[in-house]
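Here is how the chains run, residue by residue.
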Amino acid sequence: MHDAAQGSGFTIALAGNPNAGKTTLFNALTGLKQKVANYPGVTVERKQGSWRLPQGTSDLIDLPGLYSLDATSLDEQIAREVITGNVSGLARPDAVVAVVDATNLERNLYLVTQLFEFGIPVVVALTMIDVFEKQKHEIDTRKLERLLNVPVVRVNAKTGRGRDELAKKVIEVIRARPQVPHELNGGLADQPQHAKIFARYNFISNVVQETVRHNDKEDHRFSEKIDRVLTHKFFGLVILVGVLLLLFQAIFSWASLPMDLLDKGFGSLGDWLRAEMPAGVLTDLVVDGIVAGVGGVLVFLPQILLLFLFISLLEDTGYMARAAFLLDRLMSRVGLHGKAFLPLMSSFACAIPGIMATRTIESRRDRFATILIAPFMSCSARLPVYSLMIAAFFAGKTVFGFVSVGAVLMLAMYSLGIFVAIVVAFILKRTLLKAPPPPFLMELPPYRVPNFRTVFQNMLTRAWLFVKRAGTVILAISIILWALMYFPRDGKSDAFTHDNNVAESQTEVTPEGVTLTPESQQIQHSFAGKLGHTIEPAIRPLGFDWKIGVALIASFAAREVLVSTLSIIYNVGKDDDAQSQTLVQALHDAKRDDGRPAWTPLTGLTLMVFFVLAMQCMSTVAVVRRETNSWLWPIFMITYMTGLAYVAAMLTFQGGMLLGFG
Amino acid sequence: MKSRSEKPTLTQVPIGSAARVVAVNGTNRIARRLMEMGVIPGVRLEVLKTAPFGDPIEVRVRGYNLAMRRSEADAIEVAV
């Protein structure tokens, strides 16, 4: 790594059960200098940092949280490959630090017994010892060391206790390579799987019996008292709804201020660049393509930070497992895991953090099924589109005299998304992602005060992954879409991007008598405009003309782009928002080439249905590519979702025509 | 599932009661996972509660709390 020159050359792996305090210890040992990547070919996260040993720094690899090394899950397979030195670009570890939760000794030691069988030097780091002692239990660490024949170090990441000793012991075991207890050595190799598990647990039971004195008074069931409320059949659900409401509030409201600021910031940056750079294609590319495109995605950063702050908090306190416990029955009806609930809820704000949140689901198929349906949840980017259509065609109308049609439609759009998601999940789990249901065995860890450093680091790691995406795939797609709208240039409209005042004087008058700004002329003559004409036959059954087609094409970058593109096409100024009366008026006035109105309420409704179901968000595509580690899934997703959207929109329009709503 | 063997399984243990594991059946995958989590013959399990919709259930084993679906609990043969 960076300071290999003065490094010890040692590679150390950190292994432990989930919830054993492994991440906290990793952070305490490595500080903020961490590298996060994926293992080659899979989406298991690979975290690496440098840890200062007496001999110089070593590479510390944080293995995924594990209960076993039997390679039944992807995480276990990866961990096994790391320990045996079979991951390319990664040296075989010289020693393993096994993180063992003192309050849950028996099950935690199971992984340690498996590590022994790999013949790799092991040091046990005993965590949660403060909690353990507070509960008045006692553990004889020296005796434990003797029985396991490896060093056991009591650590506390918060106070730094045991950190130096741990480093010292690691060097010791690398030098001395102590023999593993003979009960586990050799003899186990030829035995059947089950017999091995029995033998390991028998060994552990004996060790624990000789080293631990449990306090008979069961006051350690503090967590169970909290659980009486939090997983209560009625109050548990009420509290869960409250937690989710708070989460929504954060993502929708609290995030909006920093998002607006970011949006304005990118706007000012664009204006500044436009003023400072010489006029020309390069400036247009930088301002309209790169800054607008990447900026349009980076404005979601506050939402992502907040969501991951919440998720980290919920996971670290132990509440996340309870939420999955409460909802597993509901989710399993459609073949999903209880843990799929939170990613899906988050997707109502934005599918990007939602999809990133599926990492908490261990089973690959369950996780992919969740990813594939997450974009059906109506995200905040659809709101401007719904709002515009409702404002334009359904404003002021009511049903039963008092319920506004707008509210009914809004609810209908959200429900349509959820309904289709359920159906698709049901089908996927029986076809493409068919698998015997993975065992649902989930630890409900004791409630704990979260470690804020771990929480923040987790949040920042996620945010950084997202920013990196924005810098690569999203950048490329932004440039392509910009070019489609920008080229070919016709001489007439060249001036508009440089100086809007000069451009005003170069307007063109269409046959309908509508004046067009150079911006709308340019869009019509661009590749995107031509593409709009090309796809017109295909979208005619949906009641869309080629201008709507152009806006549809642009909206595949991001849904809300529809509004600004319509504004440009209908010539009402770029910065109009969804509530703009000018844009609403323009939609009412817009005519097709044959003079019929381009928009009717039915067209509006059809467009809304299309937007509920279509996969129109390049950022989501990029994130799915990352999270599934293949282009196959995002392409499948675009195809099936957009196909569904097309069919549903056609049914809406043709059905509406038949019923006489044209 | 119950008809396959007449022996009582964990699903029959009432909430708040404890039982001792006699055997772990089910598919190899489920049985192995259960055993790796410490559910092996001879161990004592206590059923703590069920989730609001009746499934999954929460048990206490080897000093920690474990949630499992009824289908998994049915693979655990017990003696009350």
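Chains are numbered independently. Their residues run from 1 in the order of the written sequence. Think of it this way: whatever chain is written first is A, whatever ligand is written first is 1, and the rest follow in order. In view of the model being predicted, local features appear only for residues whose pLDDT reaches at least 70, and side-chain atom pairs are presented and counted only at 80 or more, with totals across whole chains, interfaces and linings using the full set of residues.

Looking at the overall build of chain A
Labels follow the DSSP assignment, with helices taken as runs of H or I lasting at least four residues and strands as runs of E lasting at least two, numbered in each case from the N terminus. Tallying secondary structure elements over chain A gives 29 helices and 14 strands in all. Exposed residues have 12 or fewer other C-beta atoms within 10 Å of their own C-beta, buried residues have 20 or more, and residues in between are partly exposed; the C-beta atoms are placed from the backbone. Counting only residues that meet the buried cut, chain A has 45% of its 662 residues in that class. Contacts here follow a simple rule: the backbone-placed C-beta atoms of the two residues must lie within 7 Å. Across chain A, the fraction of contacts at a sequence separation of at least 24, relative to all contacts at a separation of at least 6, is 70%.

Some details on the overall build of chain B
A count of helical and extended segments in chain B gives two helices and five strands. In chain B, the succession of helices and strands from N to C terminus is β-α-β-β-β-α-β. In this treatment the radius of gyration is a C-alpha quantity, and the globule benchmark scales as 2.2 Å times the residue count to the 0.38 power. Taken against the 2.2 N^0.38 rule, which gives 12 Å for 80 residues, the C-alpha radius of gyration of chain B at 11 Å falls within 12% of a compact globule. Along the first, second and third principal axes, the C-alpha atoms of chain B reach 25 × 25 × 25 Å. Residue burial in chain B is summarised as follows: out of 80 residues, 49% are buried. When contacts within chain B are restricted to residue pairs at least 6 apart in sequence, long-range pairs at least 24 apart make up 56% of them.

Section: the pairing of strand 3 (residues 57–61) of chain B
All names here are of chain B. Of all five residues making up strand 3, four are buried, and the element is well covered by its neighbours. Summarising the sheet, strand 2 (residues 44–50) and strand 3 pair through five bridges and their orientation is antiparallel. Residue pairing across strands places E46 opposite R60, the latter belonging to strand 3. Pairing between strands is defined by DSSP: at least two bridges between the two strands are required. The sheet contact formed by strand 3 and strand 4 (residues 64–68) spans five bridges and is antiparallel.

Side note on the packing of helix 10 (residues 256–276) of chain A against helix 11 (residues 281–298) of chain A
Residue and element names in this part refer to chain A. Think of each axis as a best-fit line through the C-alpha atoms, taken over the contacting stretch in the case of a helix, with angles from 0 to 180 degrees between the N-to-C directions. Contact geometry for helix 10 and helix 11: axes closest at 10 Å, N-to-C directions at 170°. Between helix 10 and helix 11, the angle is such that the two are roughly antiparallel. Judged by residue contacts, L262, F266, L269, G270, L273 and R274 of helix 10 engage T283, V286, V287, V291, A292, G295 and L298 from helix 11. Three categories are distinguished: nonpolar for Ala, Val, Leu, Ile, Met, Phe, Trp, Tyr, Cys and Pro, charged for Asp, Glu, Lys and Arg, and polar for the others, with Gly belonging to the last. Looking at the contact of helix 10 with helix 11, its residues break down into nine nonpolar, three polar and one charged. By the definition adopted for this analysis, an angle is roughly parallel if under 35 degrees, roughly antiparallel if over 145, roughly perpendicular if from 65 to 115, and oblique otherwise.

Overview of the interface of chain B and chain A
Accessible area lost upon the coming together of the parts serves often as the stated size of an interface. The partner chain A presents 28 residues to the 27 residues of chain B that form the contact. Among the secondary structure elements, those contributing two or more residues to the side of chain B that touches chain A are helix 1 (28–36) and strand 4 of chain B. Here the side of chain B that touches chain A takes seven residues from helix 1 of chain B, the largest share from any one element. Along the lines of polarity and charge, the residues of the side of chain B that touches chain A split into 13 nonpolar, four polar and 10 charged. Bridge analysis of strand 12 (residues 441–443) of chain A against strand 4 of chain B gives three bridges, and the strand direction is antiparallel.

Here's the deal with the pairing of strand 1 (residues 7–16) of chain A
For a regular strand, side chains alternate in direction, first toward one face of the sheet and then toward the other. All names here are of chain A. Here strand 1 lies mainly inside the structure; seven of its 10 residues are buried. Pairing analysis gives five bridges linking strand 1 to strand 4 (residues 56–62), with the strands arranged parallel. Among the inter-strand pairings, I12 is bridged to a residue of strand 4, identified as L60. One ladder, built from five bridges, connects strand 1 with strand 5 (residues 95–101); its direction is parallel. When the bridges of strand 5 are listed, A15 appears paired with A98.

Observations concerning the sheet that holds strand 3 (residues 45–53) of chain A
Within a sheet, neighbouring strands are paired by backbone hydrogen bonds and run either parallel or antiparallel to one another. Residues and elements named next belong to chain A. Across the sheet, seven strands lie side by side as 2-3-4-1-5-6-8; this open sheet has mixed pairing. Each edge of the open sheet carries a strand with a single partner, namely strand 2 (34–38) and strand 8 (152–154). Taking the axes of each pair of neighbouring strands and ignoring which way they run, one obtains an average angle of 25° across the sheet. Sitting on the sheet, helix 6 (residues 163–176) is in contact with strand 1, strand 3, strand 5, strand 6 (122–127) and strand 8, with an inclination near 160° to strand 6.

Focus: helix 1 (residues 22–30) of chain A
Residue and element names in this part refer to chain A. For helix 1, the buried fraction is high: nine of the nine residues fall into the buried class. Those residues of helix 1 not exposed but buried are K22, T23, T24, L25, F26, N27, A28, L29 and T30. Looking one or two places after helix 1, you find G31, whose phi comes out positive at around 70°.

A look at the confidence of the model for chain B
Summarising the model, chain B shows a mean pLDDT of 89, and 94% of its residues fall at 70 or more. Scored as a complex, the prediction yields pTM 0.79 and ipTM 0.92. A score from 0 to 100, pLDDT tells how confident the predictor is in each residue.

Quick word on the nonpolar core
Residues and elements named next belong to chain A. Among buried residues, those of type Ala, Val, Leu, Ile, Met, Phe, Trp, Tyr and Cys that are joined through C-beta atoms within 7 Å form a set called a nonpolar core. Core analysis: the largest hydrophobic core is formed by 206 residues, its most contacted members being A15, A98, V100, V122, V124 and A125. With nine residues, helix 27 (residues 601–613) is the single largest residue contributor to this core. Among residues more than four places away in sequence, those in contact with V124 are A98, V100, V112, L148, V150, P151 and V152.

Things to note about the environment of A:I61
For A:I61, the position within the fold is in strand 4. Residues A:I61 and A:T30 lie 31 residues apart in sequence; the distance between their C-alpha atoms is 10 Å.

Re unusual backbone geometry
With an omega dihedral of -10°, the bond running from A:F487 to A:P488 counts as a cis peptide bond. With respect to the secondary-structure elements, A:P488 resides in the loop between helix 20 (473–486) and helix 21 (500–504). Looking along the chain, the bond that leaves B:D55 and enters B:P56 is cis, with omega of -5°. Here B:P56 shows up in the loop between strand 2 and strand 3. The phi dihedral of A:N19 falls on the positive side, at around 70°, and the residue is not glycine. Within the secondary structure, A:N19 is located in the loop between strand 1 and helix 1. In this model, A:M128 sits at a positive phi of 60°, which is unusual for a non-glycine residue. In this structure, A:M128 sits in the loop between strand 6 and helix 4 (129–134).

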